[in-house]
Amino acid sequence: MSRISTLATALALALTMQAQAHAQTATTPAADQGAAARADTGTISGVVSDAGRGGYLAGAEVRISGLNVVAVSASDGSFTLHRVPAGRHELTVSYIGRPDRQQAVDVTGGQTTQAAVAVGMGNDATTLDEIVVRAAPIAESEYAALQAQRASVSLVNVIAADSIGRFPDQNVAASLSRLPGIAVERDQGQERYVNLRGAPARWTTIAFDGVNVISPGGRTARLDTIPSAIASQVVARKAITAAMPSETLAGNIDIITRSPFDYEGLKFGADAGIGYNDLGGGKQQNWGAFISNKFADDRWGALLSVSKYSRDMVTDNFESDPEVASEDREPGGSERVWFDAHQNKLYRLTRENESVSGRLEFRPSDDHRFFLSSIYTEFSDHELRNAMEFDLDANAVRTSDTRPQSEAQRTGYADVRTGNTPWLGTVHGVEMDSTLNIGNTVQSIFTTTLGGDQDFDAWRASWRLNYTEAEQESGPSFNSTWVSPSERTLRPTVDYDFTNRELHRVTLWETIRNADGSFSKGDLKRSLDSHDYNFVNLRSNTGLAVTDAYSARMDLFRDTTLFGRPTELQFGMQYDDRSKENNQARFEVTAAQLAAMGIAQPTMADFASDKPYQGALPLGYSFRYHDEGKAWGLLDGLRAQGAGGMVGSVAFDEWYEVSEKIGAVYGMATTRFDWGNMVAGVRGEYTRNASSAYAGDDNGYERITVSESGVEFFPSVHINWDLNDEMKLRFSANTGAARPDYTDLRPNFAINDEEGEIDGGNPYADTEKSVGVDAYFEWYMRPQGFFSAGVYYKNLRDVLFDVEIPRFGQNVLDRPGFDRSEYTYFTLANGGDGYIRGLELAYSQKFGPLAERFDLPLWVGDFGISANVTFNDSEATTPDGRDVSLPGASDLIYNTSLYYEANGLSARLSWQYRDAWVDSIGSGDILGDAYWDEVSRLDFSLRYAFNDNVEMYFDANNLLDEAGIRYQGDRQRTTEFEQFGARYMVGVRLNF
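Below is a short write-up of the structure.

Here is what the cut-offs are and how they apply
Residues numbered from 1 in each chain as written. Predicted model: local features only at pLDDT ≥ 70, side-chain atom pairs only at ≥ 80, totals over all residues. Heavy atoms only, no water. Helix = DSSP H or I, 4+ residues; strand = E, 2+ residues; numbered from the N terminus. Rg over C-alpha atoms; globule rule 2.2 N^0.38 Å. Buried < 20%, exposed > 50% of the residue type's maximum accessible area, 1.4 Å probe, protein only. Areas by Shrake-Rupley, 256 points an atom, 1.4 Å probe, with all protein chains shown as cover. Contact = heavy atoms within 4.5 Å. Core = buried A, V, L, I, M, F, W, Y, C linked by side-chain atoms within 4.5 Å. Pairing = 2+ DSSP bridges. Axes fitted to C-alpha atoms, helices over the stretch in contact; angles between N-to-C directions. Polar contact = N/O pair within 3.5 Å; in protein donor to acceptor, adjacent residues only side chain to side chain. Salt bridge = Lys/Arg side-chain N within 4 Å of Asp/Glu carboxyl O. Expected span 1.5 Å × (residues − 1). Arc of directions from axis to C-beta. Phe/Tyr/Trp six-rings, centres within 6.5 Å; stacked < 30°, edge-to-face > 60°. Lys NZ or Arg CZ within 6 Å of the ring centre and 35° of its normal.

Overview of the overall build of the protein chain
Within the protein chain, the regular secondary structure consists of twelve helices and 51 strands. Its C-alpha radius of gyration of 31 Å places the protein chain within 12% of the 30 Å reference for a compact globule of 992 residues. Taken along its principal axes, the extent of the C-alpha atoms in the protein chain is 110 × 70 × 55 Å. Every one of the 992 residues in the protein chain was classed for burial, and the buried ones make up 55%. As displayed, the protein chain has an accessible area near 38800 Å², and 53% of this comes from carbon and sulfur atoms.

What follows is the structure, given as structure tokens:
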């Protein structure tokens, strides 16, 4: 059954349930609602405020007793109830962690009645309850997040701003990793990509205030570019409605920014911290501030926010490359896996996150609101990298070689006859390669939205106009390449020991050539020096990838009745116009150029530094870092002498331009019943893609342009069933898609006529698609607890994989005498069907009520816990017919956090874990797939509030110094090990 027919069946079932519900209630007092709806009706407009701490309560549910009329308070506490029958009604306001608040309201037909509702802990609150109101920021932030989750008509998880501030998290990815079903992928120990419920990172989209944006790197959302300080709330939407763009296959991360109307008047907040990294002693700095105010009789509001986080760090790293060695011709050789190379990549890094945002709002009346919002975020990565590689298989010969030793000069690589094994042995005359690099990368997002919300009584409208520019700027970089001399005795003999998966070691010796031509070990070689390498080239790369996106969106709402039930109809349209262009350039100086010009060859000593090694990895040799200033001086000096030039092929190889236009319309209905609500709708989208790049062969380059278009429909149904005041069931059936990334769509074909091969992107790749179902139970325990259990299943189609396709299958590259449609094609291509399925459990509890119930000491009530666990399973069929796990999918993810707060002190100890997950799919041979190993993190945060305005904090990340380990097939076969150390920060937070 197709996904459209599946969802059509679900929609029909939803309508049938609505009709049955109407028939069942037609003879009950609720049937009188039809008559009430025909009488004069009015509107209730109001604000929900916090009676205990001041300010507004967002996400509070406001209901009219006896009627299926409900509203949810916005970030400024405002709510509006439409089509309310004239007369006296009782409002009930619900908010997690607090007793319901009732308030009588008189409604006059054709008019708007104002209602201000202050929600506190109640007059009968115990002393412990009062403490919760005044001095429990962790618990209160969790209540705010749970309240937003409870009020949502679709499946979401939420992080409130105060919760973000009470974890030691500097970017949004780190904050999201605390939520159920979410795991992160890290780079250099820093959270970067999000895997939502076992899905690849490319299936998660990001939005600012409901407007989807493209990440600087493409569709795969890099969330390390977004500082956590920018958000007032982060919403992880796991099941989308028809009102959301279909490009969300796994889920959407919506970053809600602050509004000046979130506060009652002038508001100022600031944060400043300083710290260091345990490995290398690098410093951390963090600061941010925002100011907000309303003026002109509170009709205008303005807010400005800035933040910056910087971090100096080093990493300890080794990498080893496995292969089935063609040189091993001894019995069992086809089953042995050797490491043909081992290297250390030692980084010195400075990473910074910066943001500036502003928002101007105009509210001439309660019925009309306008705003202009701009956000700029920037992530910069400045790195110095020393890479030393030992090429163990260089000059190796097959063990079947029968030539005498004086001719064959066997090195010992992959030769079990010498006593070597894949894990332990000796290789003579090993070639060494080295790259000493300086890299600069800046990724930025600039997004501006002009929008408005208007209430025209019968109809309401919401509109947004958005422009987003996402840039990835690389360079200028300094890249130098070096190689050891060709003479074997000038290269080291290497003892390798790979038996410890967390420490691959090499010991270096001088190489001696014996009289018979064989090799042996000489003296111990303690360091790698400038004379060990010959110059190959210097390069400086620059690149700029720019994505421009324009979006226009209009949503219309109307309250009516459907099958006799109160229903909100929603219609909308959206148009997106996106384009991305990538340009790169390279300046290069080679050894041959310098020799031809009579210029002396540079050496590593020309730009070496005397700074000692900052890491802690036992390398087995010493080396010298390179000095940044001297490196640029070397390149500039050679350039001044006329050496070097631009590499023209790079501009052609790397250039591409991709455009995407999407037109969408949707219709959706939210119908409310005595037992809850149902949301059903369908979205239709027309997409047109055009991609251009250069195809290169031995005769030069030719520009290729490919266009594709299509129409798809995405139905969805969501049922939210309130079992009682505390318990809720959620069911959903939804569809989604993930379009290929821009770099995958580019037709940058590299053609090899001699080998009959084509390598490049795939402009013909289809959209990945899914049909998902969810069933969740949520228990919002009064007064201070939460439990949820849910299962999910996604049926997948056309999953993309990096593959080798036996036949290109297109004639666009054919030339006289060359039928390239039959060439082997190395690219990204759609596979078969697959699935993701899993179970989520979440629990949080402030121990205060338990302490009272079981007569425990009062200090027990100052503790609380938050925990979640996800069990996941996934599978997809590759284009060559193999069933594999989805990259990025861990089978087990859990988070737990124990916290304490009392008398101004709050502390939290947090533990995260995810088990191993596939990083990339192998070719099905003995090597197997590439995995990232299981990883866990222990973090600690401590806060002390001197009063409502001043707070000190201490944060500690990665206390157990957990490493990142990658392996190939066998867990013992480590291909990368990287360690980053713990980091610490102290600071002060102001709030006025």
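Thoughts on the side chain of asparagine 286
Tracing the backbone shows asparagine 286 in strand S16 (residues 283–295). Beyond its immediate stretch of four places on either side in the chain, asparagine 286 contacts Asp271, Ala272, Gly273, Lys308, Tyr309, Tyr953 and Met985.

Some thoughts on the nonpolar core
Among soluble globular proteins, nonpolar side chains are generally buried collectively. The biggest cluster of nonpolar side chains holds 45 residues, and the ones touching the most others in it are Phe390, Tyr413, Leu528, Leu538, Val589, Tyr621 and Leu638. The greatest single-element share of this core, amounting to four residues, is contributed by helix H9 (residues 628–640). Sequence-distant contacts of tyrosine 621, that is, excluding residues within four places in its chain, are made with Asn344, Met388, Phe390, Val506, Leu508, Arg526 and Leu528. Ranked by size, the runner-up nonpolar core spans 44 residues in total, among them Leu196, Ala199, Tyr776 and Phe801.

Things to note about the sheet that holds strand S13 (residues 231–237)
Across the sheet, five strands lie side by side as S8-S13-S14-S11-S12; this open sheet has mixed pairing. A single partner strand is all that each edge strand has here, and the edge strands are strand S8 (156–160) and strand S12 (211–213). Mean inter-strand twist for the sheet, computed between neighbouring axes without regard to direction, equals 25 degrees. Bridge count for strand S11 (residues 204–208) against strand S14 (residues 251–257) is five bridges, and the pairing is parallel. The residue bridging phenylalanine 208 from the neighbouring strand is isoleucine 255, located in S14.

Quick notes on the environment of serine 480
Tracing the chain through its elements places serine 480 in strand S23 (residues 478–483). Between the alpha carbons of serine 480 and phenylalanine 992 there is a distance of 52 Å; along the sequence they are 512 residues apart. If sequence neighbours within four positions are ignored, serine 480 has contacts with Ser434, Thr435, Leu436, Asn437, Asn537, Leu538 and Phe607. A polar contact of 2.8 Å, which involves the side chain of serine 480, links it to the backbone oxygen of leucine 436.

Topic: unusual backbone geometry
Residue glycine 475 is joined to proline 476 through a cis peptide bond whose omega torsion reads 0 degrees. With respect to the helices and strands, the residue proline 476 is situated in the loop between strand S22 (459–474) and S23. Residue proline 783 follows arginine 782 across a cis peptide bond; omega there is 0 degrees. Note on placement: proline 783 falls in the loop between strand S36 (768–781) and strand S37 (785–797). Its identity as a non-glycine residue notwithstanding, arginine 197 has a phi of 50 degrees, on the positive side. In this structure, arginine 197 sits in the loop between strand S10 (190–196) and S11. We note that aspartate 961 has phi near 50 degrees; this positive angle belongs to a residue other than glycine. One can find aspartate 961 in the loop between strand S48 (950–957) and strand S49 (964–968).

Topic: the sheet that holds strand S5 (residues 87–95)
In spatial order, the strands read S3-S2-S5-S6; together these four strands make up an open sheet with antiparallel pairing. Only two strands of the sheet have a single neighbouring strand rather than two, namely strand S3 (70–72) and strand S6 (98–107). The sheet shows a mean angle of 20 degrees between the axes of neighbouring strands, taken without regard to direction. In this sheet, S3 lies alongside strand S2 (residues 61–64) in antiparallel orientation, the contact comprising three bridges.

Considerations on the pattern of salt bridges
If you walk through the whole model with that rule in mind, you get 66 salt bridges. In this structure, aspartate 532 engages lysine 525 in a salt bridge whose closest nitrogen and oxygen atoms are separated by 3.0 Å. With respect to burial, aspartate 532 and lysine 525 carry one shared label: buried. A salt bridge links arginine 624 to aspartate 610; the nearest nitrogen and oxygen atoms lie 2.9 Å apart. Placement of the pair is arginine 624 in the loop between helix H8 (591–597) and H9 and aspartate 610 in the loop between H8 and H9, with a sequence separation of 14 residues.

Notes on H9
In this model, H9 (13 residues) spans 18 Å end to end at C-alpha, consistent with the 18 Å of a helix rising 1.5 Å per residue. For H9, the set of buried residues is Ala631, Leu634, Leu635 and Leu638. Buried residues of H9 fall within an arc of 90 degrees about the axis and therefore sit on the same side. Exposed side of H9, more than 90 degrees from the buried face: Gly629 and Ala640 are the residues found there. In the core, the buried residues of H9 are packed alongside strand S21 (431–456), S23, strand S27 (534–562), strand S28 (565–590) and H8.

Some details on the packing of aromatic side chains
The final tally for this structure, using the stated rule, is 37 aromatic pairs. Ring centres of phenylalanine 390 and tyrosine 621 lie 5.7 Å apart, and the angle between their planes is 65 degrees; this geometry places the pair in the edge-to-face category. With a gap of 231 residues between them, phenylalanine 390 in strand S19 (residues 368–391) and tyrosine 621 in the loop between H8 and H9 connect regions that are remote in the sequence. Comparing phenylalanine 390 with tyrosine 621, the two get one shared label, buried. Through pairs of rings, three or more aromatic residues link up here, namely Phe478, Trp482, Phe535, Phe607 and Trp632. Against the face of phenylalanine 371 rests arginine 359, its NZ or CZ located 4.2 Å from the ring centre.

No statement about biological role is implied by the geometric values presented.
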